[in-house]
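Chain by chain, the residues:
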Amino acid sequence: SNVDAQLESRSDRILEKLLLQLDHAVRWQQSVELLLTDEPTVFLECGPGAVLQGLGKRIAKAEGARRTVEARWTGISDTDSLKAFEKEFLGRGAS
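Residues numbered from 1 in each chain as written. Predicted model: local features only at pLDDT ≥ 70, side-chain atom pairs only at ≥ 80, totals over all residues. Heavy atoms only, no water.

Enumeration over the complete set of coordinates arrives at two aromatic pairs. Taking 4.1 Å as the distance between ring centres and 5 degrees as the angle between the ring planes, the aromatic pair formed by F43 and W73 counts as stacked. Within this pair, whereas F43 is found in strand β1 (residues 42–46), its partner W73 is found in strand β2 (residues 72–76), the two being separated by 30 residues in sequence. Assigned by exposure class, F43 and W73 land together as buried. (Phe/Tyr/Trp six-rings, centres within 6.5 Å; stacked < 30°, edge-to-face > 60°. Helix = DSSP H or I, 4+ residues; strand = E, 2+ residues; numbered from the N terminus. Buried < 20%, exposed > 50% of the residue type's maximum accessible area, 1.4 Å probe, protein only.)

If you want it as structure tokens, here you go:
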């Protein structure tokens, strides 16, 4: 959660924390740093633009997370980009 920079798996708590993000400060840098500890290979931003991708890359680089800096940073902003994501990462969609 960006509200407290902690992982959350309970659906009721996820919804509660998403709502808190609307009118509370978020801890984006700390959230990304937490995610970097698992050395992810894909970061996905949903919505228009790529601001969070750029911020995430900078945080990863500053943290020295070489593998994560090389990870795929992608975004979904419309139907076409969703279909491309499904095809590339989920193996779904027309060839």
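Once you've had a look at it, read on.
Look at helix α3 (residues 51–63): 19 Å from first C-alpha to last across 13 residues, which is about the 18 Å you get at 1.5 Å a residue. Restricting attention to buried positions, one finds in α3 the residues Q53, G56, I59 and A60. Seen from one end, α3 has its buried residues packed into an arc of 130 degrees, which puts them on one side. In α3, the exposed positions that point more than 90 degrees away from the buried face belong to V51, R58, K61 and A62. Of the residues one or two after α3, G64 is the one with positive phi, at around 75 degrees. (Expected span 1.5 Å × (residues − 1). Arc of directions from axis to C-beta.)

All right, on to the pattern of salt bridges then. Applying the stated criterion across every chain, the model contains five salt bridges. Between D12 and R10 there is a salt bridge; the shortest N-O distance is 2.6 Å. Two residues, E16 and R13, come together in a salt bridge whose shortest N-O distance is 2.6 Å. Of this pair, E16 and R13 both sit in helix α1 (residues 11–20), three residues apart, which is roughly one turn of the helix. When its relative accessible area of 39% is taken as the criterion, E16 is described as partly exposed. Overlapping salt bridges, with partners in common, bring together D4, E8, R13, E16 and K17 in one network. (Salt bridge = Lys/Arg side-chain N within 4 Å of Asp/Glu carboxyl O.)

Here the focus is the confidence of the model for the protein. Summary statistics for the protein give a mean pLDDT of 85 and a share of 91% for residues scoring 70 or more. Element-level mean pLDDT values for the protein span from 63 in helix α4 (residues 66–69) up to 93 in α1. (pLDDT = per-residue confidence, 0-100.)

Together, L15, L19 and L22 line one region of the surface with nonpolar side chains, adding up to about 340 Å² of accessible area. Along the polypeptide, L22 turns up in the loop between α1 and α2 (28–36). For L22, a relative accessible area of 71% translates into the label exposed. (Patch = residues over 30% accessible without salt bridge, like charges linked within 9 Å, V, L, I, M, F, W, Y side chains within 5 Å. Areas by Shrake-Rupley, 256 points an atom, 1.4 Å probe, with all protein chains shown as cover.)

Checked against the element boundaries, S31 lands in helix α2. Within polar-contact distance, the side chain of S31 engages the backbone oxygen of S1 at 3.3 Å. Side-chain polar atoms of S31 contact the backbone oxygen of R27, separated by 2.8 Å. Beyond its immediate stretch of four places on either side in the chain, S31 contacts S1, N2 and A5. (Polar contact = N/O pair within 3.5 Å; in protein donor to acceptor, adjacent residues only side chain to side chain. Contact = heavy atoms within 4.5 Å.)

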